[in-house]
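# Analysis of the macromolecular model
For reference, the chains in residue letters:
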Amino acid sequence: MTRVRFRLYRPYPAAMGDGREGLMAVGDQEREAPPPLRSPAFRRFLLAQLVSATGSAMAPVALAFAVIEQGGGARSLGIVLTANTVPALVFLLVGGVLADRFSRSRILFLGNLGAGVAQAAVAVLVATGTATTAAMSLCACASGAAAAFTAPAAQGVVPRLVEPERLQEANALVRVPRNAVRVVGPVVGGFVVALTGPAWALGWDAVTFVLAALLLAGLRLAGTVSAGGPGAGLVADLRVGWTGFRSRVWLWSYTLSGTAVVAAWLAGYQLLGPLVADRSYAGAGSWGLVQGAFAAGLLAGTFVCLLWKPQRLVLVCVVTSSALFLPLAAMGLGLPLLWVLGAAVVAGAGVDVAVVAWSTVMQQQVPDEELGRLNAFNSLGEQIAIPLGYLAVAIASAYWSSGTILLVCSAVILAAGAANACVRDVRRIRRR
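Per chain, residue numbering runs from 1 following the sequence as it is written. For a predicted model such as this one, the threshold for reporting local features is a pLDDT of at least 70, and the threshold for listing and counting side-chain atom pairs is 80 or more; totals across whole chains, interfaces and linings nevertheless cover every residue. Side-chain metrics rest on all non-hydrogen atoms present in the structure, leaving aside hydrogens and water.

## Quick look at the overall build of the protein
Within the protein, the secondary structure is distributed over 17 helices and two strands. Each residue is assigned to one of three classes by its accessible area relative to the maximum for its type, calculated with a 1.4 Å probe on protein chains only: buried under 20%, partly exposed between the two thresholds, exposed over 50%. When the 432 residues of the protein are sorted by exposure, 53% land in the buried category. Computed with the Shrake-Rupley method and a 1.4 Å probe, the accessible areas treat only the protein chains shown as cover for residues. Here the protein displays about 18200 Å² of accessible surface, and carbon together with sulfur accounts for 67% of that area. Secondary structure elements follow DSSP: runs of H or I of four or more residues count as helices, runs of E of two or more count as strands, with numbering from the N terminus.

And the structure:
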């Protein structure tokens, strides 16, 4: 195990620090940085991720078939998914500023609580038979707004809880409980939906949001004053963040590529996937298996990240995330379910390696006081094309077959990855 040289520290009161136990130098010693799991705060954060994941793993299956049960097709599901995404375009940058100014744990608490209330409303509507596309879209909009505020804050939590040299390990460990639950969650969710309907799965998702909020409320993560200064306003903070984003070629080029990749993936997988499963395979049960296979790949990718520490982190993100084309191509070609499951496993492994590597490179290359805003700009870039992608697929489904659209989506993912890999700065950024 790698040993690092640094000063031996003695704790000082937490009120003087930034949320982690304070440290003050008393002499030069050589010791290993403690593993992330030795930190009680990190374990609490990990538990919140696990609790939330048990509901989130079932929610996509339940939501898709809730729309189908009320008579909707690709167009209705596209509207609901778009309503969940649109708030990010409005609130994500504001969430990035707040993440750099205020307590990130408080933001996470309020965001999870709001999402729980919105999901509970959807469950009640579905259970009482009063769900409509408009009503579910309104709840999806509220849930999306909560996610827009919490996403930038969540990206800045891990660097406050572990030592810098443990960042990739900690990022991978955060993914372990979520991915482990996702292996069985979609399968269970698919059969729950098939046996009892989607309301129960949606209700459980609401409960887990609330439990996660309570756990996150116990974290003590102080806010930072953004680079705009104590008296700076929202516009000044955003201007500073935009300058930092624009100056990093590897960041904005990956964001631009991700705009195409994420739009094509979610439009093909989330929107058309359940419909293709309903028509060509065995309905909710088979779609649950596909999502479970994808989750198994995510879990495998997590363990890869615990063992492998690549040097060219951004290039690794580009190459591994391109594996998302595989399950879309398999469904588009009408391959047997076994082939679709195998493709989903490979895609899941690739995307999890990309997620962990991207979190690590952002935390290493971006100062903490700018991390919320630059993460927000990155997420916003990828979110912009998603509503357009959903709506385009919903419209195109009236003229083209689902298989043709899936093949187009897979080609877009491959082309975007190849173009981004040609950017020089993407290949030059190395692990610190």
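## Focus on the packing of helix 1 (residues 40–56) against helix 8 (residues 198–217)
Close contact between helix 1 and helix 8 brings their axes to 7 Å; oriented N to C, the two are set at 170 degrees. Judged by the angle between their axes, helix 1 and helix 8 are roughly antiparallel. Within the contact between the two elements, helix 1 uses Arg44, Phe45, Leu47, Ala48, Val51, Ser52, Thr54, Gly55 and Ser56 and helix 8 uses Trp204, Asp205, Thr208, Phe209, Leu211, Ala212, Leu214, Leu215 and Leu216. To obtain each axis, a line is fitted to C-alpha atoms, and for helices this fit is confined to the stretch in contact; angles are then taken between N-to-C directions over 0 to 180 degrees. Orientation categories follow fixed angle ranges, with anything under 35 degrees roughly parallel, anything over 145 roughly antiparallel, 65 to 115 roughly perpendicular, and all other angles oblique. Residues are treated as being in contact if the distance between any of their heavy atoms lies within 4.5 Å.

## Some details on a nonpolar patch on the surface
Taken together, the side chains of Leu113, Trp204, Val207, Val210, Leu211 and Leu214 define a hydrophobic patch exposed on the protein surface, amounting to about 470 Å² of accessible area. At five residues, the largest contribution of residues to the nonpolar patch is made by helix 8. Examined against the element boundaries, valine 210 turns out to sit in helix 8. Only residues above 30% relative accessible area that lack a salt bridge enter a patch, with like-charged residues linked at up to 9 Å and the nonpolar side chains Val, Leu, Ile, Met, Phe, Trp and Tyr linked at up to 5 Å. The working definition used for a salt bridge is a side-chain nitrogen of Lys or Arg within 4 Å of a carboxyl oxygen of Asp or Glu.

## Observations concerning the pattern of salt bridges
One pass over the structure, following the stated rule, counts seven salt bridges. For aspartate 100, the salt bridge is made with arginine 104, and the minimal N-O distance between the two is 3.3 Å. On the basis of relative accessibility, which here comes to 0%, the residue aspartate 100 falls in the buried class. Residue aspartate 368 pairs with arginine 104 through a salt bridge whose shortest N-O separation is 3.2 Å. Of this pair, aspartate 368 sits in helix 15 (residues 368–396) while arginine 104 sits in helix 4 (residues 104–127), and the two are 264 residues apart along the sequence. A cluster of three or more residues bridged by salt bridges with shared partners is formed by Asp100, Arg104, Arg160, Asp368 and Arg373.

## Quick look at the environment of valine 346
Tracing the backbone through its elements, the reader meets valine 346 in helix 14 (residues 337–365). In this structure, the C-alpha to C-alpha distance between valine 346 and leucine 326, residues 20 residues apart in sequence, is 7.8 Å.

## Description of the packing of helix 13 (residues 325–332) against helix 14
The N-to-C vectors of helix 13 and helix 14 enclose an angle of 165 degrees; their axes lie 7 Å apart at closest approach. One way to sum up the angle between helix 13 and helix 14 is to call them roughly antiparallel. In the crossing of helix 13 with helix 14, the sense of the turn from one axis to the other is left-handed. Residue-level inspection shows Leu326, Pro327, Ala330 and Met331 of helix 13 in contact with helix 14, the latter providing Trp339, Val340, Ala343, Ala344, Val346 and Ala347. Left-handed describes a crossing whose near helix is turned anticlockwise from the far helix by less than a right angle; the clockwise case is right-handed.

## Side note on the packing of aromatic side chains
Here the aromatic set is Phe, Tyr and Trp, taking the six-membered ring for Trp, and pairing holds for ring centres within 6.5 Å; pairs whose planes are under 30 degrees apart are stacked, those over 60 apart are edge-to-face, and all others are tilted. Counting across every chain of the model gives ten aromatic pairs. Ring geometry for tyrosine 254 and tryptophan 358: centres 4.2 Å apart, planes at 25 degrees, overall stacked. Taken together, the residues span a long stretch of sequence, with tyrosine 254 in helix 10 (residues 249–280) and tryptophan 358 in helix 14 at a distance of 104 residues.

## Structural notes on a positive patch on the surface
There is a patch of like positive charges on the surface, built from Arg312, Arg424, Arg427, Arg428 and Arg430. Mapped onto the secondary structure, arginine 312 falls in the loop between helix 11 (284–307) and helix 12 (313–321). Residue class for arginine 312 comes out partly exposed when judged on its relative accessible area of 36%. Counted as positive: Lys and Arg. Counted as negative: Asp and Glu, with His and the chain ends omitted from the count. In this description, the location of a charge corresponds to atom NZ of lysine, CZ of arginine, CG of aspartate or CD of glutamate.

## Looking at the nonpolar core
By size, the foremost hydrophobic cluster in this structure holds 59 residues, and its most contacted members are Val126, Met136, Trp265, Trp287, Phe294, Leu324 and Leu328. Looking at which element gives the most residues to this core, the answer is helix 10, with eleven residues. Once you skip the residues sitting within four places of it in the chain, tryptophan 265 turns out to touch Gln270, Phe294, Leu324, Pro327, Leu328 and Ile413. Throughout this description, the term nonpolar core refers to a set of buried Ala, Val, Leu, Ile, Met, Phe, Trp, Tyr and Cys residues connected via side-chain atoms within 4.5 Å. Of all hydrophobic cores here, the second largest spans 21 residues; its members include Val157, Val158, Leu215 and Leu219.

## Focus: the environment of proline 327
Assignment of secondary structure puts proline 327 in helix 13. C-alpha separation for the pair proline 327 and tryptophan 339, spaced twelve residues apart in sequence, amounts to 8.4 Å. Those residues within four positions of proline 327 in sequence are excluded, and the remaining contacts are Trp265, Ala343, Ala344 and Ala347.

## So, the confidence of the model for the protein
What pLDDT conveys is the predictor's confidence in a given residue, as a value from 0 to 100. In this model, the protein carries a mean pLDDT of 81, and residues with pLDDT of at least 70 account for 89%. When mean pLDDT is taken per element in the protein, helix 12 scores highest with 93 and strand 1 (residues 4–10) scores lowest with 31. Scored below 50 in pLDDT, residues 1–29 shows 50 contacts in the model against residues more than four places distant or in partner chains.

## Here's the deal with helix 9 (residues 234–246)
With 13 residues, helix 9 ought to run about 18 Å at 1.5 Å a step, and its terminal C-alpha atoms sit 18 Å apart, in line with that. By the burial criterion, the buried members of helix 9 are Asp237, Leu238, Gly241, Gly244 and Phe245. Taken end-on, helix 9 shows its buried residues confined to a sector of 120 degrees, consistent with a single buried face. Opposite the buried face of helix 9, at more than 90 degrees from it, the exposed residues are Val235, Arg239 and Arg246. What a helix should span is 1.5 Å times the count of its residues minus one. Our arc is simply the arc of the directions from the helix axis toward the C-beta atoms.

## Observations concerning the environment of arginine 431
Assignment of secondary structure puts arginine 431 in the segment after helix 17 (424–428). Taking the C-alpha atoms as reference points, arginine 431 and lysine 309, 122 residues apart in sequence, are found 8.5 Å from one another. Filtering out sequence-adjacent residues up to four positions away, arginine 431 remains in contact with Gln168, Lys309, Pro310, Gln311, Leu313, Thr360 and Gln364. At a separation of 3.1 Å, a polar atom in the side chain of arginine 431 contacts the main-chain carbonyl oxygen of proline 310. Two N or O atoms form a polar contact when they lie within 3.5 Å of each other; inside protein one atom must be a possible hydrogen donor and the other a possible acceptor, and for residues adjacent in sequence the pair counts only when both atoms belong to side chains.

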